[in-house]
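# Results of the structural survey
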Amino acid sequence: DAGVIQSPRHEVTEMGQEVTLRCKPISGHNSLFWYRQTMMRGLELLIYFNNNVPIDDSGMPEDRFSAKMPNASFSTLKIQPSEPRDSAVYFCASSLATLDVQYFGAGTRLSVL
Amino acid sequence: KNQVEQSPQSLIILEGKNCTLQCNYTVSPFSNLRWYKQDTGRGPVSLTIMTFSENTKSNGRYTATLDADTKQSSLHITASQLSDSASYICVVSEGGGFKTIFGAGTRLFVKA
């Protein structure tokens, strides 16, 4: 398996624009997680899905952030409108079950100017 | 307040030496504790996962310990290699749900 695949690897956008980050989990994994990492705050769990259903989105910073998982092989994290403080590395991870080992993608480095 | 504190913040050791990283937590109720290794510019990679009943778990040259009574964990690296240079992150999950609390990490530098 190719592992967790995220796209794009880098995204540069202007404040106010919509940003969509994409994730393809490892085939057969039932849990998917979105994280954000910054120098100031470290790693933060934003939301996780189990069997395509959002289970806990308490980490989503505000209404500008939304995540979907329309099927077992694809998830998106959308920011609309984007702000400079959203600049961070966004990671997607998947696992067989919620408490199993998580495998992380390479991340998307987002810069909002 | 649930917290995870790691020490030291950074560490420099010579190749071949051993080192131990610390993680103290106040998370309650406790579900599990994970250690991750994160190379610069890459996603974290899981090293170990320990539940309440486990007090030692090894993964190659990495050995994690857990004392659930004192709420302390350590990650011991034996015979360090240059490739061990990375950030090591301790993550504790609350019982009953999947609320995760991340430590700030320890930045390890292994020098030749």
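It should be emphasised that the depicted structure is a prediction, and the values quoted were computed from it without experimental measurement.

Rules behind the numbers
- Sequence positions are assigned chain by chain, starting from 1 and proceeding in written order.
- Both sets of labels track the order of writing: A upward for chains, 1 upward for ligands.
- Residue-level local features of this predicted model are given only where pLDDT is at least 70; pairs of side-chain atoms are given and counted only at 80 or more, and the full residue set underlies all totals for whole chains, interfaces and linings.
- Values shown for side chains rest on all heavy atoms present in the structure; no hydrogens or waters enter the calculation.
- What counts as a ring pair is set by centres within 6.5 Å for rings of Phe, Tyr and Trp (its six-membered ring), and what kind of pair is set by the plane angle: stacked under 30 degrees, edge-to-face over 60, tilted for all other angles.
- The buried label goes to any residue with under 20% of its type's maximum accessible area, the exposed label to any with over 50%, and the partly exposed label to all in between, with areas taken from a 1.4 Å probe on protein chains only.
- A ring has a charge above it when a Lys NZ or an Arg CZ is no more than 6 Å from the ring centre and no more than 35 degrees off the ring normal.
- Numbering of helices and strands starts at the N terminus; helices are DSSP runs of H or I of at least 4 residues and strands are runs of E of at least 2.
- What counts as a salt bridge is simple: a side-chain nitrogen of Lys or Arg found within 4 Å of a carboxyl oxygen of Asp or Glu.
- Paired strands are those between which DSSP finds at least two bridges.
- Axis definition: a line fitted to C-alpha atoms, limited for helices to the stretch in contact. Angles are taken between N-to-C directions and run from 0 to 180 degrees.
- The disulfide criterion used throughout: a pair of cysteine sulfur atoms within 2.5 Å.

### What about the packing of aromatic side chains?
In total, this model carries eight aromatic pairs over all chains according to the counting rule given. Aromatic side chains Phe33 of chain A and Tyr35 of chain A sit 6.3 Å apart centroid to centroid with 25 degrees between the ring planes, which places their arrangement in the stacked category. For the pair formed by Phe33 of chain A and Tyr35 of chain A, the shared burial category is buried. Over the face of the ring belonging to Tyr62 of chain B we find Arg61 of chain B, whose NZ or CZ atom lies 5.7 Å from the ring centre. Its end group placed over the ring of Phe109 of chain B, Arg107 of chain B keeps NZ or CZ at 4.8 Å from the ring centre.

### Side note on unusual backbone geometry
All names here are of chain A. Look at the link from Ser7 to Pro8: it is a cis peptide, with omega at -10 degrees. A positive phi is found at Asn52, a non-glycine position, where the angle reads about 75 degrees. In this structure, Asn52 sits in the loop between β5 (42-50) and β6 (53-56).

### So, the pattern of salt bridges
Residues and elements named next belong to chain A. What the rule picks out here adds up to 10 salt bridges over all chains. Measuring nitrogen to oxygen at the nearest pair gives 3.3 Å for the salt bridge that ties Glu44 to Arg36. A residue is classified by how much of its surface remains accessible, and Arg36, at 9% relative accessible area, is buried. In this structure, Arg64 engages Glu83 in a salt bridge whose closest nitrogen and oxygen atoms are separated by 3.5 Å.

### A word on the sheet that holds strand β3 (residues 19-24) of chain A
Residue and element names in this part refer to chain A. The sheet built from four strands is open, its strands ordered β1-β3-β8-β7 with antiparallel pairing. Every other strand in the sheet has two partners, leaving β1 (5-7) and β7 (65-71) as the edge strands with one partner each. Strand-to-strand, the axes of this sheet are offset by a mean angle of 15 degrees, without reference to chain direction. Sheet topology note: the β1/β3 ladder contains three bridges and is antiparallel. Looking at β3, one finds that Ile5 is bridged to Lys24.

### Brief notes about the state of the cysteines
All told, the structure shown has two disulfides over all chains when counted by the stated rule. The residue that forms a disulfide with Cys23 of chain A is Cys92 of chain A, at a sulfur-sulfur distance of 1.9 Å. Across the disulfide from Cys23 of chain A to Cys92 of chain A, rotation about the S-S bond amounts to roughly -65 degrees, and the bridge is consequently left-handed. Of the two residues, Cys23 of chain A sits in strand β3 while Cys92 of chain A sits in strand β9 (residues 88-95), which places them 69 residues apart along the sequence. Paired through a disulfide, Cys23 of chain B and Cys90 of chain B show a sulfur-sulfur distance of 2.0 Å. Classification of the bridge connecting Cys23 of chain B and Cys90 of chain B rests on its S-S torsion, roughly -70 degrees, and on that basis the disulfide is left-handed. Within this pair, whereas Cys23 of chain B is found in strand β3 (residues 19-25), its partner Cys90 of chain B is found in strand β9 (residues 86-94), the two being separated by 67 residues in sequence.

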